[in-house]
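This is what each chain is made of:
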Amino acid sequence: MVEKTLQKIRAIEEKAEEIVKLAHESSVVNLKKNRERHTQELESLEKQSKKEEKDLLASSQEEAQKEVKVIGADSKKEIDELKKKSLPKTAQAKKEVLRCLS
């Protein structure tokens, strides 16, 4: 009777060891799958981040080029206005210089 009980205990222990072994293997497999999934997600996020950065740089560059054009046009207008305003004064100054030289 004691031997039968010991055999049952050994059988239960063997089953428990098998269950623990299977649980460990299952957790290892799950860990590997999760690690792989996280690696793929990280790569995806890195690609998305690089794309967003590239798009942001492109839009910033376009905006800067537009501002350069606007500033250039405004500067040209201001220069033209200054030329128009100074033209009568320079013409008068030229006349006086010519008069003094003659």
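Rules of the game
Residues numbered from 1 in each chain as written. Predicted model: local features only at pLDDT ≥ 70, side-chain atom pairs only at ≥ 80, totals over all residues. Heavy atoms only, no water. Salt bridge = Lys/Arg side-chain N within 4 Å of Asp/Glu carboxyl O. Helix = DSSP H or I, 4+ residues; strand = E, 2+ residues; numbered from the N terminus. Buried < 20%, exposed > 50% of the residue type's maximum accessible area, 1.4 Å probe, protein only. Patch = residues over 30% accessible without salt bridge, like charges linked within 9 Å, V, L, I, M, F, W, Y side chains within 5 Å. Areas by Shrake-Rupley, 256 points an atom, 1.4 Å probe, with all protein chains shown as cover. Lys, Arg positive; Asp, Glu negative; His and termini not counted. Charge placed at Lys NZ, Arg CZ, Asp CG, Glu CD.

Here we come to the pattern of salt bridges. Evaluated as defined, the whole model comprises 3 salt bridges. Of the charged contacts, one joins Lys51 and Asp55 as a salt bridge, the two residues approaching to 3.1 Å between their closest N and O atoms. A residue pair is termed a helical-turn pair when its members lie 3 or 4 positions apart in one helix, as Lys51 and Asp55 do in helix H1 (residues 2–101) at 4 residues. Lys51 sits in the exposed class, given a relative accessible area of 53%.

Together, Val2, Leu6 and Ile9 line one region of the surface with nonpolar side chains, adding up to about 260 Å² of accessible area. Within the secondary structure, Val2 is located in helix H1. Note on Val2: relative accessible area 61%, which makes it exposed.

A separate point is a negative patch on the surface. Taken together, Glu13, Glu14, Glu17, Glu18 and Glu25 make up a surface patch of like negative charges. Mapped onto the elements, Glu17 comes out in helix H1. For Glu17, a relative accessible area of 56% puts it in the exposed group.

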